[in-house]
Amino acid sequence: MSFAAALSTALDSRQAVDEVCREAGRQLGEARPDLAVVFYSPHHADSAGPIARLLHGRLQPRCLIGCLGESIVGNRREIEADPGLSLWLGEWNGKASLEPFHLVMSETSEGISLLGWPDGLLDADPKRSLLLTFGDPYTFPTAEIFLPRVNDDHPGLAIAGGMASNPTGPNTNSLILNDEVVAEGAVGVLLAGEFSWRSVVSQGCRPIGRPLVVTKGHENIVMELSGQQPLTYLQSLYNQLSSPDRALFERGLLIGVAITEYRDTFQRGDFLIRNLLGIDRGSGAMAMSDRVRVGQTLQFQIRDSASADEDLKVMLQTQRGAGLRAQGGLLFTCNGRGTKMFSEPNHDAGTIQNELGPLPLAGFFAAGELGPVGGRNFIHGFTASALFFE
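A quick note: this is a predicted structure, and the numbers were derived from the prediction, not measured. (Residues numbered from 1 in each chain as written. Predicted model: local features only at pLDDT ≥ 70, side-chain atom pairs only at ≥ 80, totals over all residues. Heavy atoms only, no water.)

S.K.: Would you take a moment to explain the overall build of the chain for this structure?
M.R.: On a plain count of helices and strands, the chain comes out with seven helices and 26 strands. Taking the principal axes of the C-alpha coordinates as reference, the chain spans close to 65 × 50 × 40 Å. When each of the 390 residues of the chain is scored for burial, the buried share is 55%. Of the contacts formed within the chain by residues at least 6 apart in sequence, a portion of 80% connects residues at least 24 apart. Carbon and sulfur atoms make up 46% of the accessible area of the chain, which amounts to about 16,500 Å² in all. (Helix = DSSP H or I, 4+ residues; strand = E, 2+ residues; numbered from the N terminus. Buried < 20%, exposed > 50% of the residue type's maximum accessible area, 1.4 Å probe, protein only. Contact = heavy atoms within 4.5 Å. Areas by Shrake-Rupley, 256 points an atom, 1.4 Å probe, with all protein chains shown as cover.)

Shown next, in the form of structure tokens:
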């Protein structure tokens, strides 16, 4: 197995393609890549078609997919605001099958459906398969249809990737599939076979208070937590916090939803982070950005650069301690991270290289990151979702 990654900051798209092909090709040698993945900044969006054709013609990969990102990751660098084109190549020496796909919404007699699923999904072994997926946030029903369909029909099958991000809005060349630009939906590849990979989803939060059980609730409204109103509990919790934590509490409180309540203790990775939308002072109930059910365990969370830094490092160190020897990686980090969250540039890419590298790494800043938590796939925010191949 061989992997390669190269980054160009050239403004001219043809020059950028030439630079990344030359450098990545030098790393990969004579091997023809199975998978080529390209990430490009808005500076190259108008040239997405020529970029796809040039890369596909020059590299001749079995599959080429690409995604637009407002910022681009290449090896140790995160290119924010400036032009960036990042290329990642993977070659599995016949151990992996690849089936590219393009999913689009379609109106059927039974309602809205997704068309274009890869045929191999029907027989895919979830333990030996992976859906690498990039979606257009304006035309792809990620949370409404895509994730529930995979989670319900193919339990245990992991999804990694993210949603294209562009500061100028919709109707942009945001996705690439082989030698063409795709205007809507999602593109991706079903990877299956005798290869090893691991996913790391760092949600960047720190718990406060104690785990609580939903004792009364409906849809996304929680009326009681462990027998008391959420407002009453939060008022008590606030009084127990340090001054710095009170400031984070006031800036934006988050909720960790336990993936399973059948645990005596809860640790990192056991919670799915969701937003607190508001609290009704009359009833003391709270609204959150996901449905809940009676019996679920919740724990309030806060997020800042220090907790996000600690969480990513701990998650990576845990995987390294569990035997991960990453040979190549893809990073899908939130467009709210980078220098918007951290005081120094290149935080997420640099942390990965420090903890697991050096390794060929590419990625982009997404408008929603895809990754599994507790065996189910979710779309996240303010998260660093990474995929590592061994």
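S.K.: In this structure, what is going on with the packing of aromatic side chains? I would like to understand it.
M.R.: Geometrically, a pair of aromatic rings is defined through the distance of the ring centres and the angle of the planes. Within this structure, the stated rule accounts for 17 aromatic pairs. When the centroid spacing of 6.1 Å and the interplanar angle of 70° are considered together, the rings of F332 and F364 count as edge-to-face. Note that F332 is positioned in strand β22 (residues 328-334) and F364 in strand β23 (residues 361-366), a separation of 32 residues in sequence. We classify F332 as buried; its relative accessible area is 0%. (Phe/Tyr/Trp six-rings, centres within 6.5 Å; stacked < 30°, edge-to-face > 60°.)

S.K.: Is there a simple way to explain the packing of helix α6 (residues 305-321) against helix α7 (residues 347-356) in this structure?
M.R.: Relative orientation of the contacting elements α6 and α7 amounts to 30°, with a least axis distance of 10 Å. When the axis of α6 is compared with that of α7, the two are roughly parallel. For the pair α6 and α7, the sense of crossing is right-handed. Between α6 and α7, the residues in contact are D309, L312, K313, L316, Q317 and R320 and H347, D348, T351, I352, E355 and L356, respectively. (Axes fitted to C-alpha atoms, helices over the stretch in contact; angles between N-to-C directions. Parallel < 35°, antiparallel > 145°, perpendicular 65-115°, else oblique. Left-handed = near helix turned anticlockwise from the far one by under 90°.)

S.K.: Please explain the sheet that holds strand β9 (residues 129-135) as it appears in this structure.
M.R.: For sheets, the rule is that strands pair by backbone hydrogen bonds, running either parallel or antiparallel. Strands sit in the order β8-β7-β13-β9-β10-β24-β25 across an open sheet of seven strands; the sheet is mixed. Both edges of this open sheet fall to β8 (111-115) and β25 (376-380), since each of them pairs with a single strand only. Strand-to-strand twist in this sheet, taken as the mean axis angle between neighbours without regard to direction, amounts to 25°. Against the sheet, helix α3 (residues 142-153) touches β7 (96-108), β8, β9, β10 (158-163), β24 (369-373) and β25, its axis set at about 160° to β25. (Pairing = 2+ DSSP bridges.)

S.K.: Just checking my understanding: could you explain the layout of surface pockets for this structure?
M.R.: Gaps left between atoms show up when a probe the size of a water molecule is rolled over them. Of the pockets and cavities examined, the largest pocket occupies roughly 950 Å³. At five residues, β25 tops the list of elements feeding residues into the lining of the largest pocket. Broken down by class, the residue content of the lining of the largest pocket amounts to 15 nonpolar, ten polar and nine charged. Empty space within the second largest pocket amounts to approximately 640 Å³. Those elements that place two or more of their residues in the lining of the second largest pocket are β14 (197-202), β19 (271-279), β21 (297-302), α6 and β24. For the lining of the second largest pocket, a count of residues per class yields 14 nonpolar, twelve polar and three charged. (1 Å grid on protein atoms, 1.4 Å probe; cavity = no way out; pocket = protein on both sides within 12 Å on 5 of 7 lines; lining within 4 Å. Points joined across faces, edges and corners; volume = space filled by probe spheres on them. Nonpolar A, V, L, I, M, F, W, Y, C, P; charged D, E, K, R; others polar.)

S.K.: How should I be thinking about the nonpolar core in this particular structure?
M.R.: Soluble, globular proteins show a tendency: their nonpolar side chains are buried together. Judged by nonpolar contacts, the single largest core of 34 residues is most densely connected at L35, F39, W88, L132, F134 and F389. Grouped together as the second largest cluster of nonpolar side chains are 24 residues, A4, A16, C21 and L89 included. (Core = buried A, V, L, I, M, F, W, Y, C linked by side-chain atoms within 4.5 Å.)

S.K.: What am I meant to see in the side chain of D245 here?
M.R.: Within the secondary structure, D245 sits in helix α5 (residues 243-251). Among the polar contacts made by the side chain of D245, one reaches the side chain of R206 at a distance of 2.9 Å. Those residues within four positions of D245 in sequence are excluded, and the remaining contacts are R206 and I302. (Polar contact = N/O pair within 3.5 Å; in protein donor to acceptor, adjacent residues only side chain to side chain.)

S.K.: For this particular structure, what's the right way to read the pattern of salt bridges?
M.R.: Any two side chains of opposite charge can pair if their charged atoms end up close together. What the rule picks out here adds up to 16 salt bridges. Between R128 and D125 there is a salt bridge; the shortest N-O distance is 3.8 Å. With a relative accessible area of 34%, D125 lands in the partly exposed category. Ionic pairing is found between D153 and R149, a salt bridge with its closest N-O pair at 2.8 Å. In this pair, D153 and R149 are both assigned in helix α3, four residues apart and thus about one turn of the helix distant. (Salt bridge = Lys/Arg side-chain N within 4 Å of Asp/Glu carboxyl O.)

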